[in-house]
Amino acid sequence: MNTTTQNHIATRTRTTLQWRPMDIAVSAAIGVACGLVFWGFNYISAWLFPMMAAILPGLGSLFHAVWYFSGPLALLIIRKPGAAIFVNLVGSAVEMLLGNQFSFGFVFVSAALQGLFAEIAFAIFLYKRWTLGVAALSGFLVAIEYGFYLLFFQYQGVALLSPRGIIHMICEIIGGVLIGGVMSWYLYLAIAKTGALDKFASGRAVRGVSD
């Protein structure tokens, strides 16, 4: 997708920042869907991460963004302040209800922080720019936050400037940009092209539907 097309998507339709009942309902649905992804990935990570750590300690951080791609995706679709936080918290609630290996507090605090940092990238542009670049920046900021969050609360014995700490942060950032940002952008486009988002500015921008 070229820059002209991205700018078309970013500015094609007017966006109001006021939440509608439809925004809440669709955000909740996105949150539930993402919660199922989080829950399923918990089981995959139980064998994937030890295998990757055996190859190179810290390498598993490449895939942490599977747990936080929901924030950038929610903002790309809903285009409302707070969408990332709302969707992340709903997703985490679903994940916890289904059961996982993490503590309640760790999951919810982490989800809220991930949503907040995902919002920052779009807030910088006053929630008026919706491009691949901003989505990638959103994923990058969440990766920075989550990388440090893990070092403080999960990897207390790992120093930031140790080989494992450096590999962890580099992999976290790569995964955040590619999975949290780029993948979320193309997932949003794929959903919008089906017509499922035609009642949203985000969907009309992709399909060229009039307001």
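For the structure itself, look to the data block above.
Since we're looking at a predicted model, the values are computed, not measured.

> Can you break down the pattern of salt bridges residue by residue, with the values?
The full count for this structure, using the stated rule, is two salt bridges. The residue Arg20 makes a salt bridge to Asp23 at a minimum N-O spacing of 2.8 Å. Residue classification places Arg20 among the partly exposed positions, given a relative accessible area of 29%. Given a relative accessible area of 0%, Asp23 falls into the buried group. Asp23 is the salt-bridge partner of Lys80, the closest N and O atoms lying 3.5 Å from each other. With Lys80 in the loop between helix H3 (70–78) and helix H4 (83–98) and Asp23 in helix H2 (residues 21–55), the pair connects residues that are 57 residues apart, well separated along the chain.

> Explain the packing of aromatic side chains to me, and be specific about the residues and the numbers.
Within this structure, the stated rule accounts for eleven aromatic pairs. Note on Trp19 and Phe86: the rings are 6.0 Å apart at their centroids and 65° apart in plane angle, and the pair reads as edge-to-face. Here Trp19, found in the loop between helix H1 (3–11) and H2, pairs with Phe86, found in helix H4; they are 67 residues apart in sequence, far enough to count as distant. Classification of Phe86 by relative accessible area gives partly exposed; the value is 30%.

> I'd like a rundown of the packing of helix H6 (residues 132–153) against helix H7 (residues 163–193), residues and numbers included.
Contact geometry of H6 with H7 gives a least axis separation of 7 Å together with a crossing angle of 145°. Remark: the crossing between H6 and H7 carries right-handed chirality. Residues Leu132, Ala135, Ala136, Gly139, Phe140, Ala143, Ile144, Tyr146, Gly147, Phe148, Leu150 and Leu151 of H6 pack against His168, Met169, Glu172, Ile173, Gly176, Val177, Gly180, Gly181, Val182, Trp185 and Tyr186 of H7.

> Pulling in residues and values, what's your account of the environment of Phe200?
Mapped onto the secondary structure, Phe200 falls in the loop between H7 and helix H8 (201–207). Its relative accessible area of 4% is what places Phe200 among the buried residues. Distance from Phe200 to Val94, taken between C-alpha atoms, is 25 Å for residues 106 residues apart in sequence.

> Tell me about the environment of Val158, and please be specific about residues and values.
Residue placement: Val158 occurs in the loop between H6 and H7. Setting aside anything within four residues of it in sequence, one finds Val158 in contact with Leu151, Arg164 and Gly165.

> Explain empty space enclosed by the protein to me, and be specific about the residues and the numbers.
Summed over all chains, the structure comprises one cavity of 30 Å³ or more. Volume-wise, the largest cavity comes out at about 150 Å³. Put simply, the parts of the chain that give the lining of the largest cavity at least two residues each are H2, H4 and helix H5 (104–124). Looking at which element gives the most residues to the lining of the largest cavity, the answer is H5, with five residues. A class-by-class count of the residues in the lining of the largest cavity yields seven nonpolar, six polar and one charged.

> Explain the environment of Pro163 to me, and be specific about the residues and the numbers.
For Pro163, the location among the structural elements is in helix H7. Along the chain, Pro163 and Phe148 lie 15 residues apart, while their C-alpha atoms are 15 Å from each other.

> Go over the nonpolar core, please, and point to the residues and values.
Most often, soluble globular proteins keep nonpolar side chains buried together rather than apart. In this structure, Leu75, Ile77, Phe122, Tyr146, Trp185 and Tyr188 are the most contacted members of the largest nonpolar core, which totals 50 residues. Counting residues per element, the ones that place at least two in this core are H2, H3, H4, H5, H6 and H7. A per-element tally of this core places H6 first, with ten residues. When neighbours within four sequence positions are excluded, Ile77 is seen to be in contact with Ile30, Tyr188, Ile191, Leu197, Phe200 and Ser202.

> Can you break down the layout of surface pockets residue by residue, with the values?
Here the largest pocket defines a volume of roughly 310 Å³. Along the wall of the largest pocket there are 21 residues; nearest its centre are Phe49, His64, Trp67, Leu150 and Tyr155. Of all the secondary-structure elements, those providing two or more residues to the lining of the largest pocket are H2, H6 and H7. Element by element, the count of residues in the lining of the largest pocket is highest for H2, at six residues. Taken together, the residues that form the lining of the largest pocket break down as eleven nonpolar, nine polar and one charged.

Procedures and definitions
Once a new chain begins, its residue numbering starts again from 1 and follows that chain's sequence as written. Confidence filtering applies because this is a predicted model: local features only for residues at pLDDT of at least 70, side-chain atom pairs given and counted only at 80 or more, and all residues used for totals across whole chains, interfaces and linings. Side-chain figures throughout are based on the complete set of non-hydrogen atoms in the structure, without hydrogens or water. In what follows, salt bridge is the name for a side-chain nitrogen of Lys or Arg lying within 4 Å of a carboxyl oxygen of Asp or Glu. For every residue, the accessible area obtained with a 1.4 Å probe (protein chains only) is divided by the maximum for its type, and the residue is called buried under 20%, exposed over 50%, and partly exposed between those limits. The secondary structure listing takes helices from DSSP runs of H or I that are at least 4 residues long and strands from runs of E that are at least 2 residues long, numbered from the N terminus. Only rings of Phe, Tyr and Trp enter the pairing, Trp through its six-membered ring, and a pair is recorded when the two centres are within 6.5 Å. The plane angle decides the type: under 30 degrees is stacked, over 60 is edge-to-face, the rest tilted. Where helices are involved, their axes are fitted lines through C-alpha atoms of the stretch in contact, as for all axes, and angles between N-to-C directions lie from 0 to 180°. In this scheme the handedness of a crossing depends on how the near helix is turned from the far one: anticlockwise by less than a right angle means left-handed, clockwise means right-handed. Between two residues, a contact is recorded if the distance between any of their heavy atoms is within 4.5 Å. Here a cavity denotes a set of grid points, spaced 1 Å apart and computed over the protein atoms alone, in which a 1.4 Å probe fits but from which it cannot get out, and a pocket denotes an open set meeting protein on both sides within 12 Å along at least five of seven lines; residues with an atom within 4 Å of a point are reported as lining. Grid points are joined across faces, edges and corners, and a volume is the space filled by probe spheres set on the points. When residues are sorted by character, Ala, Val, Leu, Ile, Met, Phe, Trp, Tyr, Cys and Pro go into the nonpolar class, Asp, Glu, Lys and Arg into the charged class, and all the rest, Gly among them, into the polar class. Put simply, buried Ala, Val, Leu, Ile, Met, Phe, Trp, Tyr and Cys residues joined by side-chain atoms within 4.5 Å make one nonpolar core.

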